[in-house]
Amino acid sequence: MTENGIGAAVRRKEDHRFITGKGQYVDDINRPNQLYAVILRSPLAHGKIKSLVTDAAKAAPGVVAVFTGADMAAAGVGGLPCGWGITSSDGSPMAEPGHPPLAVDVVHHVGDQVAVVLAETKAAARDAVELIEVDYDDLPAVASLDAAGAEGAPLVWDDAPGNICFDWEIGDAAATDAAFAKAAQVVSIDIVNNRLIANAMEPRAAIGDYDSGKDEYTLFTTSQNPHVIRMLMGAFVLGIPEHKLRVVSPDVGGGFGSKIFHYAEEAIVTWASKQVDRPVKWTADRSESFISDAHGRDHVSHAELALSEDGEFLGLRVDTRANLGAYLSTFGPAVPTILYATLLAGTYKTPAIHARVRGMFTHTVPVDAYRGAGRPEASYLLERLVDRAAKVTGIDPIELRRRNFIKPDEFPYQTPVALEYDIGDYDAAVDKALELADYDNFAQRREESASRGKLRGVGIATYIEACGIAPSNVAGALGARAGLYEAGTVRVNPTGSVSVFTGSHSHGQGHETTFAQLVTEALGVDFDNVSIVHGDTAKVPFGMGTYGSRSAAVGGVALMNALEKIRTKSRKIAAHLLEASAEDIEFKDGKLTVVGTDRSVAFGDVAMAAYVPHNYPLDTLEPGLEETAFYDPKNFTFPAGCHICEVEIDPDTGVVDVVSFTAADDFGRIINPMIVEGQVHGGVTQGIGQALYEQCVYDDSGQLLSGSMMDYCLPRADNVPNFAVTTNVTPCTHNVLGVKGCGEAGAIAAPPAVINAVVNALAEYEIDDMPMPATPERVWQAIQSATN
Amino acid sequence: MYEFNYHRPTSLEDVSEILAANDEAKILAGGMTLLPTMKMRLAQPSDLVDLSAIDGLSDINDTGDAIEIGAMVRHADVAGSDIVQKAIPALAELANSIGDAQVRNRGTLGGSIANSDPASDYPAAVLGLDAVIKTNKREIAADDYFKGLFETALEANELVVSVKFPKPKKAAYAKFPNPASRYAVVGVMVAETDSGLRVAVTGAGACAYRATEIEAALGKSFSTDALAGISMDAADLNDDLHASSEYRAHLIGVMAGRAVSTLGG
């Protein structure tokens, strides 16, 4: 292994500034003469604005301006666009209501933006917001999928009858029906994937800074993808051409998907800055984040699995209703369709699958991608269904899975739901997980738990996900309104240090470290001599950003391709310097060497020669040493694995404790094992959070009851055990790095592993289902019902 | 927050003066409830009167038959006090179960019981141990102190100066924490005091109260078995997102049992 190269557990470059308080987050940035923006948000889930009077607010001390939806509409500001179009089964396009940054006439969820106050201080802006007089007509609201779909339910949008945005399907209904017709047994499940609130540690913030001298704009924003924001906001909302709009995402304190989307506040501060010709800064408080950051999950499904006598999966049919919230968020429609239903084969050879998904509107915060984005929903449904099938058929749950796994010699494997998996070895992951979890001795541990009055259970989940999103033509055919390639520029500086400009964005992933490792590996340049630049559209040519575990698989490969171009050119320069042929030059230990000799030249000298081309093949080669590559992936990548969870339940209180958790994942080639382990820890913790602790609760009138950390329970360090983590590697077959991505796996596999363990622990009560989160009261009530 | 005037007087007399002159003034002890409330703009005091500079409110003393704890003593200091750990270990453990480390470094005994949040822990100890609340005007027995939801016997401008906890023969506190806030969904203190067996419940009702049926049962037989037949009436118990009144009723029995178990019953 190259020192600090691929595979090394190098400590992260970014950590120094993060743990010494020297990070620079959007809220740390202050622009000269800036104003502070505070947003007036709707207290109602659904209301008609009868009157909106801003005079008192405008006259309040320190206030410079107050803007409303009417002001922005009059100025021709466009609505926030949706980046993915879904077509219903009947060929009709999805309902696509307008999404103005500040509401016009009607508010559609608690938290909906109504007006913005700009003032000299944040306190003055807060005080003034309370002086805005809004008279609402309180209208009936629907918050849940059941309420939205009920006969005669109030409509969120007039042109979405039945509150249906789309009614979409995938797979072969006829083949699936035929499979069910010959099934020996059919197992079904009704299952809910609970709604979550991301709660990244850093709340969202945005600063719009208009330069009237140059007629140019800069937006500082807590985004996972600044170029995407530039494109969406510039093209669709504010009509600003790219060359006049710079978007900067500096240090960002976590995203988990919630910072992908183009949000109203970004457009508001940018537009407002121009109106007043001063920078405008907005930072959310936590309570505001709860009602304005996109929420996640919120599916209700009915699924059936058809099996043969031997437990072979013959067919799967799924009917899912997905809550989209009140407006279409940037990728909202794609999450419960393309990113979900295409994963319903899981790791199994089920030959016939059909899924119907209805996306529905409700008077709640828009729902969009959250760590896993569609794949946790698919895995949870599948793995609970498979466990139930194991019980019904009497086949051991691990054996049942193995019988249906796609085997290593069956790849590439075309699933019945569009995706073609490249490679995998699911049995190996199971073997590794079982061993690391000491599964064989579970019975002993259960007895020991029982001696302490506790019920112990073990749960297993296998998963697969589609990452490295995505091949642009495939994505386009599926409704994506953007390309999904990535870009990377490698600039070798004259003295041999390297600056990389990547379209990937790091908001916790550690790219400044892992991408530097790629450079060290490829060029032999010292790890400390490499810097990775990201998050600034003025510095980085282009990029689609970071989500969907795509950075290594797409951004990293773009970087590899640029590095390959650097290597090629370097060899030519070295060949000239060494009077040899370029084909005979190899990179070795930071030097370029003539193969089979000890004649070499240091990479630094090659760089110097490129920029001071006195001894240089100017006839055939340009000076300089900088290369860019745009990489469009050939396919998704398919990380997969097996997670095993053991829980202890206190039957007196219903409290569930995760006492052990084992993860065996196939992420393809691993760049930095320490960072990968960290990703697994974080993902698993979030998955445990979903399974046991977190629930976003709305009441029937659309009021958010879980509006703060007092009521929305995030998992803490004392809620999780130490994790046992291992990997099995089957390198991705279609990218030069062999990487698959690792960021979301934990959040995908952990929930079913935990719930399967809870159900297993409660087996003696014949409780065969447990909703998420499996709170103490729910578990206790289930035990009561079973024993009465 | 809204704007306010900040005072940091050095005597109780000065505190009284400021309170008398400003009827929208509020006392600031640890601020762990008041400051978040102000930050969410749910409270708008005109003045904050910070007690932290007043001498004599931060002592822990062993007076022989009791432990007297000043109103401004932080939870972390009660938890870590050798005096309390030796004489009333259950009280030190209860203090150690409040909130988290940061909250315990700031929150105070006086602030907690003056506020009397139905889910706070200290009221169970004050009531369970038959404590005496000393204010700047009089002494109030625990049984006369907790009145209702956020309602105590304290009059306007009356503040807690210290709490005297008689040393019990034995005492234990069992708490079922809210997983999100770590407040008490149900907290039960069982104590054998000089005035008899006391069982105080917090988290379940509008304020801390004595579970007289449990006291009676344990009086006959101090054992977890004695609790077997008792079912608490769920009717007046709190019902919220985290626990129904039925579940709380059940938890009272479980937590009482755990406290009894700890005490060898």
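Since the structure is predicted, the reported quantities are computational estimates derived from the model, not experimental observations. (Residues numbered from 1 in each chain as written. Chains lettered and ligands numbered in written order. Predicted model: local features only at pLDDT ≥ 70, side-chain atom pairs only at ≥ 80, totals over all residues. Heavy atoms only, no water.)

Focus on the overall build of chain B
Of the regular secondary structure elements, chain B holds 10 helices and 14 strands. Taken against the 2.2 N^0.38 rule, which gives 18 Å for 265 residues, the C-alpha radius of gyration of chain B at 18 Å falls within 12% of a compact globule. Expressed as lengths along the three principal axes of its C-alpha atoms, the size of chain B is roughly 55 × 45 × 30 Å. A burial count over chain B gives 52% of its 265 residues as buried. Long-range contacts, defined as pairs at least 24 residues apart, comprise 58% of the intrachain contacts of chain B with a sequence gap of at least 6. (Helix = DSSP H or I, 4+ residues; strand = E, 2+ residues; numbered from the N terminus. Rg over C-alpha atoms; globule rule 2.2 N^0.38 Å. Buried < 20%, exposed > 50% of the residue type's maximum accessible area, 1.4 Å probe, protein only. Contact = heavy atoms within 4.5 Å.)

Quick word on the overall build of chain A
Scanning chain A from N- to C-terminus turns up 20 helices and 30 strands. For 788 residues, the compact-globule estimate of 2.2 N^0.38 gives 28 Å, and the C-alpha radius of gyration of chain A, at 27 Å, lies within 12% of that figure. Projecting the C-alpha coordinates of chain A onto the three principal axes gives extents of approximately 90 × 75 × 55 Å. Looking at chain A as a whole, 63% of its 788 residues are labelled buried. Pairs at least 24 apart in sequence give 80% of the contacts found in chain A among residues at least 6 apart. Accessible surface for chain A amounts to roughly 27,500 Å². Of this, 50% is attributable to carbon and sulfur atoms. (Areas by Shrake-Rupley, 256 points an atom, 1.4 Å probe, with all protein chains shown as cover.)

Re the nonpolar core
All names here are of chain A. Counting residues in each nonpolar core, the largest one holds 140 residues, and the members touching the most others are Leu344, Tyr421, Phe661, Ile688, Leu692, Leu762 and Met770. The residues touching Leu344, leaving out its near neighbours within four places in the chain, are Leu316, Val318, Ile353, Ala355, Ala378, Leu381, Leu382 and Val417. In terms of nonpolar packing, the next biggest core, distinct from the first, is built from 48 residues, Ala8, Leu563, Phe587 and Ala609 among them. (Core = buried A, V, L, I, M, F, W, Y, C linked by side-chain atoms within 4.5 Å.)

Regarding the packing of helix α7 (residues 226–237) of chain A against helix α8 (residues 264–276) of chain A
All names here are of chain A. The interhelical angle for the contact between α7 and α8, taken along N-to-C directions, is 65°, at an axis separation of 11 Å. The two elements α7 and α8 cross, and the hand of that crossing is right-handed. Side by side, α7 and α8 meet where Ile229, Met233 and Val237 of the first sit next to Glu266, Ala267 and Thr270 of the second. Grouping the constituent residues of the contact of α7 with α8 by class yields 4 nonpolar, 1 polar and 1 charged. (Axes fitted to C-alpha atoms, helices over the stretch in contact; angles between N-to-C directions. Left-handed = near helix turned anticlockwise from the far one by under 90°. Nonpolar A, V, L, I, M, F, W, Y, C, P; charged D, E, K, R; others polar.)

Quick look at the interface of chain A and chain B
At the junction of the two partners, chain A supplies 25 residues and chain B supplies 21 residues. Contact between chain A and chain B buries roughly 1,800 Å² in total, counting both sides, with carbon and sulfur atoms accounting for 52%. Linking chain A to chain B there are 4 salt bridges. The partner of Arg41(B) in a salt bridge is Asp127(A), and the shortest N-O contact between them spans 2.6 Å. Along the contact surface separating chain A from chain B lie 14 residue pairs in polar contact (both at pLDDT 80 or more). For the side of chain A that touches chain B, the element with the highest residue contribution is helix α20 (residues 776–787) of chain A, accounting for 4 residues. (Buried area = accessible area lost by both parts, 1.4 Å probe. Salt bridge = Lys/Arg side-chain N within 4 Å of Asp/Glu carboxyl O. Polar contact = N/O pair within 3.5 Å; in protein donor to acceptor, adjacent residues only side chain to side chain.)

Digging into the pairing of strand β13 (residues 196–202) of chain B
Consecutive residues of a regular strand have side chains that alternate between opposite faces of the sheet. Residue and element names in this part refer to chain B. Counting buried positions along β13 gives 6 out of 7 residues, so the element sits mostly inside the fold. Inspection of the sheet shows strand β12 (residues 184–193) paired to β13 by 7 bridges, in the antiparallel sense. Bridge pairing in β13 places Thr193 opposite Gly196. Hairpin remark: β12 followed by β13, antiparallel, with 2 residues in the connecting loop. (Pairing = 2+ DSSP bridges.)

Considering the packing of aromatic side chains
For the coordinates displayed, the defined rule picks out 20 aromatic pairs over all chains. Between Phe261(A) and Tyr263(A) the ring centres are 6.1 Å apart and the planes differ by 65°, which places this aromatic pair in the edge-to-face class. On the accessibility criterion, Tyr263(A) (10% relative accessible area) is buried. Summarising the aromatic geometry, the rings of Phe176(B) and Tyr247(B) are spaced 6.0 Å apart at their centres and angled 90° between planes, so their arrangement reads as edge-to-face. With Phe176(B) in strand β11 (residues 170–177) and Tyr247(B) in helix α10 (residues 245–262), the pair connects residues that are 71 residues apart, well separated along the chain. Residue class for Phe176(B) comes out buried when judged on its relative accessible area of 7%. (Phe/Tyr/Trp six-rings, centres within 6.5 Å; stacked < 30°, edge-to-face > 60°.)

A look at the side chain of Asn756(A)
The residue Asn756(A) is located in helix α19 (residues 745–761) in this model. According to the relative accessible area criterion, Asn756(A) is buried, its value standing at 1%.

So, empty space enclosed by the protein
Residues and elements named next belong to chain A. Evaluation of the coordinates by the stated rule reveals 6 cavities of 30 Å³ or more. Here the largest cavity defines a volume of roughly 200 Å³. Along its surface, the largest cavity is lined by 20 residues, and Leu80, His99, Tyr263, Ser292 and Pro366 are the ones closest to its centre. When grouped by side-chain class, the residues that make up the lining of the largest cavity number 10 nonpolar, 7 polar and 3 charged. (1 Å grid on protein atoms, 1.4 Å probe; cavity = no way out; pocket = protein on both sides within 12 Å on 5 of 7 lines; lining within 4 Å. Points joined across faces, edges and corners; volume = space filled by probe spheres on them.)

Considering helix α9 (residues 212–220) of chain B
Residue and element names in this part refer to chain B. What α9 keeps buried is the set Ile214, Glu215, Ala217 and Leu218. Within α9, the buried residues cover an arc of 165° as seen down the axis, which keeps them to one side. Seen from the open side of α9, the exposed residues pointing more than 90 degrees away from its buried face are Thr212, Gly219 and Lys220. (Arc of directions from axis to C-beta.)

Observations concerning a nonpolar patch on the surface
Among the surface-exposed residues, Met608(A), Tyr611(A) and Val612(A) lie close enough to one another that they form a single nonpolar patch of about 220 Å² accessible area. By relative accessible area, Val612(A) is classed as partly exposed at 37%. (Patch = residues over 30% accessible without salt bridge, like charges linked within 9 Å, V, L, I, M, F, W, Y side chains within 5 Å.)

A look at the pattern of salt bridges
Residue and element names in this part refer to chain A. On inspection of all chains with the given rule, the structure shows 62 salt bridges over all chains. Across the salt bridge formed by Asp251 and Arg17, the nearest N and O atoms sit 2.7 Å from each other. Separated by 234 residues along the polypeptide, Asp251 in the loop between β12 (245–248) and α8 and Arg17 in helix α1 (residues 15–19) bring together distant segments of the chain. Here Arg17 falls in the partly exposed class, since its relative accessible area comes to 22%. Here Arg204 ties to Asp293 by a salt bridge, and the two come within 2.5 Å at their closest N and O atoms. Placement of the pair is Arg204 in the loop between β9 (196–197) and β10 (205–211) and Asp293 in the loop between α9 (286–290) and β14 (295–296), with a sequence separation of 89 residues. With respect to class, Arg204 is no different from Asp293; both count as buried.

Let's talk about helix α12 (residues 426–436) of chain A
Residues and elements named next belong to chain A. Buried residues of α12: Tyr426, Asp427, Ala429, Val430, Ala433 and Leu434, and no others. Buried residues of α12, seen end-on, are gathered within an arc of 160° and therefore sit on one face of the element. On the buried face of α12, the contacting elements are α11 (397–404), β19 (420–421), β20 (455–464), β28 (640–649) and β29 (656–666). Two or three places before Ala428, at the opening of α12, Asp425 has a side-chain oxygen 3.2 Å from that residue's backbone nitrogen. Where α12 ends, the next residue or the one after it, Asp438, has phi of about 50°, a positive value.

Points about the packing of α20(A) against α10(B)
The contact between α20(A) and α10(B) brings their axes to 11 Å, and the two run at 85°. Between α20(A) and α10(B), the angle falls in the class roughly perpendicular. Across the interface between the two elements, Pro776(A), Glu777(A), Trp780(A) and Gln781(A) of α20(A) pack against Glu246(B), Tyr247(B) and His250(B) of α10(B). (Parallel < 35°, antiparallel > 145°, perpendicular 65-115°, else oblique.)

Here's the deal with the state of the cysteines
All names here are of chain A. Inspection of the entire model under this criterion finds 0 disulfides over all chains. Of all cysteine sulfurs in the structure, the one in Cys82 sits closest to Cys165, which takes part in no disulfide; the separation is 7.7 Å. The thiol of Cys467 is unpaired, and the distance to the nearest cysteine sulfur, on Cys742, comes to 9.0 Å. (Disulfide = S-S within 2.5 Å.)

Focus: the confidence of the model for chain B
Across chain B, the average pLDDT comes to 96, with 100% of residues at 70 or higher. Across the assembled chains, the prediction reports ipTM 0.95 with pTM 0.96. (pLDDT = per-residue confidence, 0-100.)

Structural notes on the sheet that holds β12(B)
All names here are of chain B. In space, the 4 strands of this open sheet follow the order β11-β12-β13-β14, with antiparallel pairing throughout. Of all strands in the sheet, those with a lone pairing partner are β11 and β14 (209–210), marking the two edges. Against the sheet, helix α5 (residues 89–96) touches β11 and β12, its axis set at about 15° to β11. Of the strands in this sheet, β11, β12, β13 and β14 are in contact with α10, which crosses β12 at around 40°.

A look at the pairing of strand β16 (residues 313–325) of chain A
Residue and element names in this part refer to chain A. Where burial is concerned, most of β16 is hidden: 11 out of the 13 residues are buried. Where strand β15 (residues 299–307) and β16 come together, 9 bridges link them in antiparallel fashion. Note that in β16 the partner of His302 across the bridge is Asp319. What sits between the antiparallel neighbours β15 and β16 is a turn of 5 residues, in which Gly311 has the positive phi angle 80°. Examined bridge by bridge, β16 and strand β17 (residues 352–361) share 10 bridges and lie parallel to one another.

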